[in-house]
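Results of the structural survey
Here are the chains, one letter per residue:
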Amino acid sequence: MTRVLVLNSGSSSVKYRLLSVGPGEAVRLASGTIERIGEEGSPVADHAAALESAAEELSAAGFGIDSPELTAIGHRVVHGGTAFTEPTPITDEVVAGIRDLIPLAPLHNPANLAGIEVARRLRPDLPQVAVFDTAFHATIPAEASTYAIDRETAGRFGIRRYGFHGTSHAYVSREAAALADRPEANVIVLHLGNGASASAVAAGRCVDTSMGMTPLEGLVMGTRSGDVDPGAVLHLRRAAGMSLAEIDTLLNRRSGMLGLCGDNDMREVERRVAAGDPDAELALSVYCHRLRKYVGAYYAVLGTVDVIAFTGGVGENSSLVRSRALAGLEPLGIALDPARNSGGKGLISVEDSRVKVAVVPTDEELEIARQTLAVIPRTDRG
Ligand code: ADP
């Protein structure tokens, strides 16, 4: 067993998880979240202070960050652009490369970098690896990653589909294929959390995904709109006189389920739907219609589908979303078993459903730990 510390440094929080990883198993030794970084009145002034707090918590749990038993540190990094398409051992050049990508991920990459810099100072002797949210989508072919806009402008400003949630799509598509007992399976993954994205995976390779140049495109999310006509953005600028900052806030923070019905927690939406609330009903209908549309689109992209896998807080827990998104798709070979669906674990389709449907809890930290171990020198692996 080998010990890996996984760090997910966001703009206002640092999540850490210490894992002991063996060939077929993994054990969580310690985990936690340091929140409210840099907020007024918060004791955690910056990422350095947050990592120190995490190190103290780890020590208190009996796992000092200075322990010789720690083998490597894996860092989640949101945007790898076209430069980083694999998990990458961190060097000064890699840090500079991640910094160059800040214009593509202005909120996320600086926070990821802050975590990396502090962790490198704390353990300069340890291999540290950057695992990119975009990397799993690097296999998407040009016809799916290219937006039909002027090529020169697109090229100059890096406008193309990158996709996000890649570690989750990688992990869940592999687990789903194993559950269906078909390592070469074609899988549609529906990652439905606060953010939400779909992907089409052919025999382990991602061929399309719903998030685009930014995490705003695609499915309806907690507070993000997903797909909207870009013409609407121009209209808001011209006719409503909204500033770019206001439009940004509208689409990223005041849209999605929150914008449609005032609630972005699916549990609350479901409660209101059960009570007959028309706004919640419309929000849920829009959410499920969008999901269904992507399932149909990715079915056509893949040609044949072996498994549809639901994951993320909504995907793993909402039998209502799963059943409404896939209702009436029996002619496509997709048939949910209502009892299994309400149980919500493993395969939830009827026994002879041509397309299997599964609930697969995601584990991004484990995936980051595995990818980290896969790229460090064998002699370092403990
Ligand atoms: P994140 O994208 O932040 O990782 P999660 O994957 O944890 O988010 O998903 C969070 C969302 O999952 C919550 O906003 C909530 O709407 C939804 N959720 C959690 N539990 C349930 C449940 N039992 N039923 C329906 N939705 C749920």
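Structure first, text after, so check above.
Scope of this entry: the structure provided in the associated data block. (Residues numbered from 1 in each chain as written. Predicted model: local features only at pLDDT ≥ 70, side-chain atom pairs only at ≥ 80, totals over all residues. Heavy atoms only, no water.)

1. A short note on the packing of helix α7 (residues 230–238) against helix α8 (residues 244–253)
Filter applied, for reference: Axis definition: a line fitted to C-alpha atoms, limited for helices to the stretch in contact. Angles are taken between N-to-C directions and run from 0 to 180 degrees. Numbering of helices and strands starts at the N terminus; helices are DSSP runs of H or I of at least 4 residues and strands are runs of E of at least 2. Should an angle lie under 35 degrees it is considered roughly parallel, over 145 roughly antiparallel, and from 65 to 115 roughly perpendicular; all remaining angles are considered oblique. A crossing counts as left-handed when the near helix is turned anticlockwise from the far one by less than a right angle, and as right-handed when that turn is clockwise. Residues count as neighbours in contact if any of their non-hydrogen atoms are within 4.5 Å of one another. Asp, Glu, Lys and Arg are counted as charged, while Ala, Val, Leu, Ile, Met, Phe, Trp, Tyr, Cys and Pro are counted as nonpolar; the rest, among them Gly, fall into the polar class.
Put simply, α7 and α8 touch, their axes get as near as 10 Å, and they point 135 degrees apart. The angle between α7 and α8 places the two elements in the oblique class. Where α7 crosses over α8, the handedness of that crossing is right-handed. When α7 is examined against α8, the residues Val233, Leu236 and Arg237 are found in contact with a partner set consisting of Leu244, Ile247, Leu250 and Leu251. Counted by class, the contact of α7 with α8 contains six nonpolar, no polar and one charged residues.

2. Some words on the sheet that holds strand β5 (residues 88–89)
Rules: Here a strand pair is declared whenever DSSP counts at least two bridges between the two strands.
Strand order in the open sheet formed by six strands is β3-β2-β1-β4-β6-β5, and the pairing between neighbours is mixed. Two strands bound the open sheet, and with one partner strand each, they are β3 (26–34) and β5. In the packing of helix α3 (residues 108–122) onto the sheet, the strands contacted are β1 (2–9), β4 (70–77) and β6 (128–132), and the crossing angle to β4 comes to about 165 degrees.

3. Some thoughts on the sheet that holds strand β7 (residues 186–192)
With respect to topology, six strands assemble into an open sheet ordered β9-β8-β7-β10-β12-β11, the strand pairing being mixed. One side of each edge strand has no neighbouring strand; the edge strands of this open sheet are β9 (205–209) and β11 (346–347). Examined bridge by bridge, strand β10 (residues 307–311) and strand β12 (residues 356–359) share four bridges and lie parallel to one another. Its bridge partner lying in β12, Val307 is registered against Lys356. Here helix α11 (residues 278–302) sits on the sheet and contacts β7, β8 (196–202), β9 and β10; the angle it forms with β7, its principal contact strand, is near 160 degrees.

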